[in-house]
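# Inside the fold
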Amino acid sequence: MEAGSFTATTSGGRSSLERSSRSRALDPLLRWVLTGLAALILLLIAFFFIRLFIEAKPAFDKFGYVGFVFDNNWDVSKEIFGAWPLVVGTLITSAIALVIGVPVAISTALYVSELCPMRVRQPLTVLIELLAAVPSVVYGLWGIFVLAPKLQPAEQWFSDRFSFLPLIGGPVSIPNCFIAGLIMAIMILPIVSSISREVMATVPAQDKEAALALGATRWEMIRMAVLPYSRAGISGAAMLGLGRAIGETIAVTIVIGNAPNVPQSIFSQGYTLAAVIANEFNEAASDPTHRAALIAAGLVLFVLTLLVNAIARYYVNRASRGKRTVPTGMAG
Amino acid sequence: MTTLAPVSARRRTVDRVSRGITLALTAVAVLPLAFILYYLIKEGIGAWSVDFFTTDPTGRFLGDPGGIKSAIIGTILMVALASAIAIPFGIGVALYLVEYGKGSRFANLVRYFVDVMTGVPSVVFGLFVYIVLVVTKIGGTFAGWKGSVALALLMLPVVTRTAEVVLNLVPDSLREAALALGAPRWRVVFRIVLPTALPGLVTGSLLAVARAAGETAPLLFTAAFVFGTQFDLSQRMNSLPLQIFNDVGQAQDRLVQRAWGAALTLVVLVLLLSLAARLVQRRSRLA
């Protein structure tokens, strides 16, 4: 090409450097297709919500919004659907999961990111992530046939000794709320731990080094530099765990006993919103009211997890702003 | 010369005890995995045999309960179709977020909702597909492809978020170099960005596949349950998680043993996928 040929035209009349019309058309096309896909996600979620609401409407019409959630009477044979026992079951099991799971998860995150020798850091992370790879139904199988029978004597002992505490005491059934909570605790451990680790990784090295330089021990450094800085993010991680626990279905359905009563103690059988859907779905297929009630339970679950997750994401995103690492916790 | 006061005994004890506690709790965290794997192998290996993998469950109340062939085939087919839907879709959304929507309000909104979507319980996805596709009787009632749609919805946010992270790692200098050479944007995306990010994209997708393979709840309402082997995705289809769930519910020793065998199969499958994901990740040249 000779000098100054930038404006040279070929015999066809267009610049030799100009793109073909096909090539030019592809650019906006790709842009709009991809934007369309992104918009589709938002539409999908909106459509989701609306369809669930329409299908659940008959149940809400019959029992009222407040009545459906707060009435303590779930009786399939009489076609009365007040979801309070399920809501209470969901709250109790999730609370147990958080009380057991979160401290363990945070300790693990601290140990892995601040204390452990470099060499074991990677293997330890992988081991904890593997907990997320075990399918829910396998946790259920293990829970009902191994964990629940093995723990029953210990639970009974605890129940007898500490019966003065609220929600403890009385006979221990093999499938019960505590076992469900314990299994949930194991299941939320990887996500809470990995997000806490991500958040702890954003603590500035200067803060930690400053603490150490001033003579702090390792633990004092953690307490004064790491924990205060990452508190918001860790709370967010715990809430993400809560969201997981609330929505956990199959494992819970297998180990909770599926009794639609407000549990008398944490060692009695219960039911959760998610479990009721999985468990009663078959019998409900032919009964419109029952089906609407189950879909309404699903809607309550959806709204609950949406709220919990929205708040959790707000905290986590604020804590790890600008630093987006691979969200391994989502691998679960 | 002044000497620094040594760390007092009390502070040292607190330090040691606290570190001990975190170590102990970390051990507690790893314990369940060991227990689960131990029981899976102990109870599951006994159920494994050639027949176990080559016969369908019979559903007979007495006698030979049969194997899990239909469940394995169903899981593979449904997860494959779900991946074919969710992976291109998810990577497409991630491309939008990274290449076109950077910093825009709309992109942030999409990103936020994708995050929120990861937290939606799988049972709700199942219910949704049930309402939209099964109740309306589009192409019959329960069908394998409807199960795939539910699984795809579940995989979508995982694929999108992992892909977004990987695409963000592709250095801008590469894009700028290609653009400066006169390449149109779409060529930059297909010839530069995607190939560079490929190992990471594969890793993210494999993790999503592993997650989908273990899901039970969405299939309960969409693909239903059937004993026989089914290759036609427009029919009811068996799957490993559902087979396990059903067998656990029966509480008969022979069926429970089959459940352990199927669970071991499922876990091996999922672990292989996760392992493959990690190996691919190692090949990535991106940080």
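Position numbers for residues count from 1 along each chain, tracking the sequence in the order it is written. Whichever chain is written first is A, and whichever ligand is written first is 1; the rest continue in order. With the structure being a predicted model, the display of local features is reserved for residues of pLDDT at least 70 and the display and counting of side-chain atom pairs for 80 or more, all residues being used for whole-chain, interface and lining totals.

## Overview of the overall build of chain A
Helix numbering and strand numbering both begin at the N terminus, where a helix is a DSSP run of H or I of at least 4 residues and a strand a DSSP run of E of at least 2. Helix and strand content of chain A: 11 helices and 2 strands. Order of helices (α) and strands (β) in chain A, N terminus to C terminus: α-α-β-β-α-α-α-α-α-α-α-α-α. In this description the radius of gyration comes from C-alpha coordinates, and the expected globular size is given by 2.2 Å times residues to the power 0.38. Taking 332 residues into account, the globule formula puts the C-alpha radius of gyration at 20 Å, and chain A, at 27 Å, lies well above it. Burial statistics for chain A: of 332 residues in total, 49% are counted as buried. Relative to all contacts within chain A whose residues are 6 or more apart in sequence, the contacts with residues 24 or more apart total 76%. Three exposure classes are used. Buried residues have 20 or more other C-beta atoms within 10 Å of their own C-beta, exposed residues have 12 or fewer, and partly exposed residues fall in between, all C-beta atoms being placed from the backbone. Contact between two residues is assigned whenever their backbone-derived C-beta positions fall within 7 Å.

## Some words on the packing of helix α7 (residues 172-180) of chain B against helix α8 (residues 185-213) of chain B
Residues and elements named next belong to chain B. Each axis is a line fitted through C-alpha atoms, and for a helix only the stretch in contact is used; angles between axes span 0 to 180 degrees, taken between their N-to-C directions. Running from N to C, α7 and α8 point in directions that differ by 155 degrees, and their axes come no closer than 10 Å. When the axes of α7 and α8 are compared, the pair comes out roughly antiparallel. Regarding α7 and α8, the two cross each other, and that crossing is right-handed. Seen from α7, the contacting residues are Leu-174, Arg-175, Ala-178 and Leu-179; seen from α8, they are Val-188, Ile-192, Val-193 and Thr-196. Only Asp, Glu, Lys and Arg are considered charged in this grouping, and only Ala, Val, Leu, Ile, Met, Phe, Trp, Tyr, Cys and Pro are considered nonpolar; every other residue, Gly among them, is considered polar. Among the residues making up the contact of α7 with α8, the classes are represented as 6 nonpolar, 1 polar and 1 charged. By the definition adopted for this analysis, an angle is roughly parallel if under 35 degrees, roughly antiparallel if over 145, roughly perpendicular if from 65 to 115, and oblique otherwise. Two helices that cross are described as forming a left-handed crossing if the nearer one is turned anticlockwise from the farther one by less than a right angle, and a right-handed crossing if clockwise.

## Re the environment of B:Val280
Residues and elements named next belong to chain B. Relative to the helices and strands, Val-280 resides in helix α11 (residues 253-283). Separated by 126 residues in sequence, Val-280 and Leu-154 place their C-alpha atoms 23 Å apart. The residues contacting Val-280, other than those within four sequence positions of it, are Pro-199, Val-202, Thr-203 and Leu-206.

## Points about the environment of B:Gly147
Residue and element names in this part refer to chain B. In this structure, Gly-147 sits in helix α6 (residues 144-169). Gly-147 gets classed as buried once you count the C-beta atoms within 10 Å, which come to 34. Between the C-alpha atom of Gly-147 and that of Leu-220, which follows or precedes it by 73 residues, the distance is 8.4 Å.

## Structural notes on unusual backbone geometry
Residue and element names in this part refer to chain A. Here the phi dihedral of Glu-79 falls at roughly 60 degrees; this positive angle occurs in a residue that is not glycine. Mapped onto the elements of the fold, Glu-79 is located in the loop between β1 (74-75) and β2 (80-81). The backbone of Asn-258 sits at a positive phi, close to 55 degrees, despite the residue not being glycine. You can see Asn-258 is positioned in the loop between α9 (250-255) and α10 (273-284). With 19 C-beta atoms counted inside 10 Å, the residue Asn-258 sits in the partly exposed group.

## What to know about the interface of chain B and chain A
Facing the 76 residues of chain B at the interface are 71 residues of chain A. The greatest single-element share of the side of chain B that touches chain A, amounting to 18 residues, is contributed by helix α1 (residues 9-44) of chain B.

## Looking at helix α4 (residues 105-118) of chain B
By definition here, a helix of n residues has an expected span of 1.5 Å times n minus one. Compared with the 20 Å implied by 1.5 Å per residue over 14 residues, the 20 Å span of α4(B) between its first and last C-alpha is a close match. Of all the positions in α4(B), only B:Val110, B:Arg111, B:Val114, B:Asp115, B:Val116, B:Met117 and B:Thr118 are classed as buried. Where α4(B) is buried, its residues touch α1 (21-63) and α11 (288-319) of chain A together with α3 (69-100) and α6 of chain B.

## Some words on the domain arrangement of chain B
Residue and element names in this part refer to chain B. Each domain's limits were defined by an automated method or a database of domain assignments. Each domain of chain B was delimited in the assignment, giving domain 1 (15-47) and domain 2 (52-283). For domain 1 and domain 2, the distance between their C-alpha centroids amounts to 28 Å. Between domain 1 and domain 2, the contact holds 7 residues from the first and 8 residues from the second.

## Considering the confidence of the model for chain B
Averaged over every residue, the pLDDT of chain B is 88; the share at 70 or more is 98%. Note on the complex model: pTM 0.88, ipTM 0.89. For every residue, the predictor reports its confidence as pLDDT, a number between 0 and 100.

## Overview of the confidence of the model for chain A
Residue and element names in this part refer to chain A. Scored by pLDDT, chain A has a mean of 85; 91% of the residues are at 70 or more. For the stretch residues 1-10, pLDDT sits under 50, and the model shows 6 contacts to residues farther than four places along the chain or on other chains. The low-confidence segment residues 322-332 (pLDDT under 50) makes 26 contacts with residues lying over four places distant or belonging to another chain.

## A short note on the packing of helix α5 (residues 122-134) of chain B against α6(B)
Think of two packed helices as two axes; the pair is described by the angle between the axes and how far apart they sit. Residues and elements named next belong to chain B. Direction vectors running N to C along α5 and α6 enclose 140 degrees, while the axes themselves pass 9 Å from each other. It follows from the interaxial angle that α5 and α6 lie oblique. Between α5 and α6 lies a crossing of right-handed hand. Of the residues in α6, those touching α5 at Ser-122, Phe-125, Gly-126, Val-129, Leu-133 and Val-134 are Lys-146, Val-149, Ala-150, Leu-153 and Leu-154. Among the residues forming the contact of α5 with α6, the class breakdown is 8 nonpolar, 2 polar and 1 charged.

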